[in-house]
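# Residue-level structure breakdown
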Amino acid sequence: MKPSDRSQAPARTFRITTLGCKVNQFESADLAERLRRLGWRPAAEGEAAEVHIVNTCTVTGRASMQSRQAARRAVREAPHSRVLVTGCYAQTRPGDLAAIEGVEAVVGHEGKFCLAERLVGDGGTSPGPEPHSEPFTERPLEAFVDRTRPFLKIQDGCDAFCSYCIVPYARGRSRSMPAEKVLEALARYRDSGYREVVLCGIHLGAWGQDLAPAGSLAGLLADIDRQGAMARVRLSSIEPRELTAEIIARVAESGRFCRHFHIPLQSGDDGILQRMKRPYDAAFFARRVMDIHHRIPDAGIGVDVLVGFPGESDAAFENTRRLIESLPVTYLHVFPFSPREGTPAATFEGRVDPRRVRERCRVMRELGAAKRRAFHRRHIGREVDMLAEARRDATSGLLKGMTSNYIPVLVDGGDELKNRLVRVRCRRLGPSDTVLADIV
Ligand code: SF4
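All residue numbers here refer to positions counted from 1 along the written sequence of the relevant chain. Only residues with pLDDT of 70 or above have their local features reported here, since the model is predicted, and side-chain atom pairs are shown and tallied only from 80 upward, although totals for entire chains, interfaces and linings are computed over all residues.

## Topic: the overall build of the protein chain
Looking only at helices and strands, the protein chain has 15 helices and 17 strands in total. Taken along the three principal axes of its C-alpha coordinates, the protein chain extends 65 × 60 × 50 Å. Exposure classes come from backbone-placed C-beta atoms, where a residue is buried if 20 or more other C-beta atoms lie within 10 Å of its own, exposed if 12 or fewer do, and partly exposed in between. In the protein chain, which comprises 440 residues, the share counted as buried stands at 44%. Contacts here follow a simple rule: the backbone-placed C-beta atoms of the two residues must lie within 7 Å. Within the protein chain, contacts between residues separated by at least 24 positions form 71% of all contacts whose residues are at least 6 apart in sequence. Secondary structure counts use DSSP, requiring at least four H or I residues in a row for a helix and at least two E residues in a row for a strand, with both numbered from the N terminus.

Shown next as structure tokens:
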């Protein structure tokens, strides 16, 4: 694009489009805050931005396709904007994105963390300050636009190399934010008025292993509890082996941590788990879930399932279905297997017919929906606390809130309740997996 074209977009305005996980969303919020501190402002709805950053994802083939589409859309919708592409897809397949006409630069993860400074430095994307490998924000975020329950990334990278997963190639070795920085970030969020923070990472259970001296997630949770800055702290996904008895006990006893766990199972068949290079078997997973259930009977327990891995026979799929059916799991995230180039599983034999994969996904999603409904129904007539969100439900106009154990609740209430913990009584199941409730 010629520089003269750019002058038609308002100077020092930015837009960020984000795909993918909580970590990516946190990094976009971090980038936005850095840009704001440097004097940029977010473009208004419908306004072309000087710079449009697309923060991509590549966890599945579909995520990569959606990332390419987002980059093309950014170019098409605002031909005078400078389009920069970053994130996991940009890190692993920069050529795919550089080939899109109108994309000015493709920036990997290291460059992403100083993209704001580079833009300010010379108005371009290079040369700028040297890319740095420190993946954590230097100053804790104060605001997380559009979220009542902001994320805090405390860990990045993964050393596990499960056979199907592209993430370690995109994000590198496991690195942890030091405990004192985590506490500082929580205090900063509290000072900005937040009541709940979601701790997230690429491999959250590995938190602390790379620090000197080494720490553990259980130890960090004890520190967070002692500090007491944040009213509610929610944990995002934790691997089965890393969800220790200590962590479960902390959540059961403290009252500060949400009674909600998300655990990646992927398969309930031991042969498939081995081929996936997952370090547990179905019996171990079942024990973990039952440990949670015995300590915290009302815990929300979400599970990831990867359907159609190479070699997954009808019997293997049935093992997964039966295992989940038998456990007090409360919702499922179901993903079809997607071969990621460069991972061992991309070349495994025994690809499952796509129609069969679709059918298995349907069966699994139905099971997940039934489990979710049953869990919500068990709460009818009970009193629960919900954190009321800033944005009302778009269809009903009711206040929307989230319980500690991850039930979305709708309630008739005034704006003064927003961002407050509100005691409600669940009345009946509502639309789109919600529960309708009354203020107590
Ligand atoms: S633990 Fe396995 S699935 Fe999770 S990010 Fe690491 S390699 Fe990927």
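Structure shown, so let's carry the discussion forward.
## Structural notes on the domain arrangement of the protein chain
The split of the chain into domains comes from an automatic or database domain assignment. Structurally, the protein chain comprises domain 1 (3-122), domain 2 (134-258) and domain 3 (383-439). Distance between the C-alpha centres of domain 1 and domain 3: 34 Å.

## Examining the packing of helix α11 (residues 245-254) against helix α13 (residues 282-295)
At their nearest, the axes of α11 and α13 sit 10 Å apart, and the two run at 25° to each other. Taken as axis vectors, α11 and α13 run roughly parallel relative to one another. Along this stretch, α11 crosses α13, giving a crossing that reads as right-handed. Between α11 and α13, the residues in contact are Ala245, Ile248, Ala249 and Ala252 and Asp291, Ile292 and Arg295, respectively. Axis angles are defined between N-to-C directions and span 0 to 180 degrees, where every axis is a line fitted to C-alpha atoms and, for a helix, only to the segment in contact. An angle below 35 degrees is treated as roughly parallel, one above 145 as roughly antiparallel, one from 65 to 115 as roughly perpendicular, and anything else as oblique. Left-handed describes a crossing whose near helix is turned anticlockwise from the far helix through less than a right angle; right-handed describes the clockwise counterpart.

## A look at the environment of Leu217
Secondary-structure assignment places Leu217 in helix α10 (residues 217-227). Residues Leu217 and Gly111, spaced 106 residues apart in sequence, show a C-alpha to C-alpha distance of 28 Å. Each residue touching Leu217, except ones within four places of it in the same chain, is listed here: Leu204, Gly205, Trp207, Gly208, Glu242 and Ile247.

## Regarding the site of the ligand
By definition, a residue lies near a molecule or strand provided its backbone-derived C-beta atom is within 6 Å of it. With respect to spatial proximity, the complete set of residues near the ligand consists of Cys158, Ala160, Phe161, Cys162, Cys165, Val167, Pro168, Ile202, His203 and Glu239. Polarity classes work like this: nonpolar for Ala, Val, Leu, Ile, Met, Phe, Trp, Tyr, Cys and Pro, charged for Asp, Glu, Lys and Arg, and polar for all others, with Gly in that last group. Its residues placed into classes, the shell around the ligand shows 8 nonpolar, 1 polar and 1 charged.

## What to know about the pairing of strand β6 (residues 151-156)
The buried count for β6 comes to 6 of 6 residues, which makes it a mostly enclosed element. A pair of strands counts as paired when DSSP detects no fewer than two bridges linking them. Alignment of β6 against strand β8 (residues 196-201), held across 4 bridges, turns out to be parallel. In the sheet register, Lys153 faces β8, and the bridge partner there is Cys200.

## A closer look at the nonpolar core
Counting residues in each nonpolar core, the largest one holds 103 residues, and the members touching the most others are Ala71, Val85, Val197 and Leu199. Among the elements that make up this core, the one with the highest residue count is helix α2 (residues 22-37) (6 residues). Taken together, domain 1 (3-122) and domain 2 (134-258) each give at least three residues to this core, which thus spans both. Excluding its chain neighbours within four sequence positions, the residues that come into contact with Val197 are Pro150, Leu152, Leu186, Tyr189, Met230 and Val233. Formed by 15 residues, the second largest nonpolar core is a distinct cluster that contains Met386, Leu387, Ala388 and Cys426. The term nonpolar core means buried Ala, Val, Leu, Ile, Met, Phe, Trp, Tyr and Cys residues held together as one set by C-beta atoms within 7 Å.

## Remarks on the sheet that holds strand β14 (residues 399-403)
Taking strand neighbours around the barrel as the criterion, the 5 strands line up as β13-β14-β15-β17-β16 in a closed arrangement whose pairing is mixed. For this sheet, the mean inter-axis angle between neighbouring strands, taken without regard to orientation, is 50°. In this sheet, strand β17 (residues 435-439) lies alongside strand β16 (residues 421-429) in antiparallel orientation, the contact comprising 5 bridges. If you follow Leu429 over to β17, its bridge partner there is Val435.

## With respect to unusual backbone geometry
A cis amide bond links Ala212 with the next residue in sequence, Pro213, at an omega value of -5°. Along the chain, Pro213 falls in the loop between β8 and α10. Here Gln266, not a glycine, exhibits a phi torsion of approximately 75°, which is positive. Examined against the element boundaries, Gln266 turns out to sit in strand β10 (residues 260-266). On the neighbour-count criterion, Gln266 (24 C-beta atoms within 10 Å) is buried. Within the chain, Ser432 stands out as a residue other than glycine whose phi angle is a positive 45°. The residue Ser432 is located in the loop between β16 and β17 in this model.

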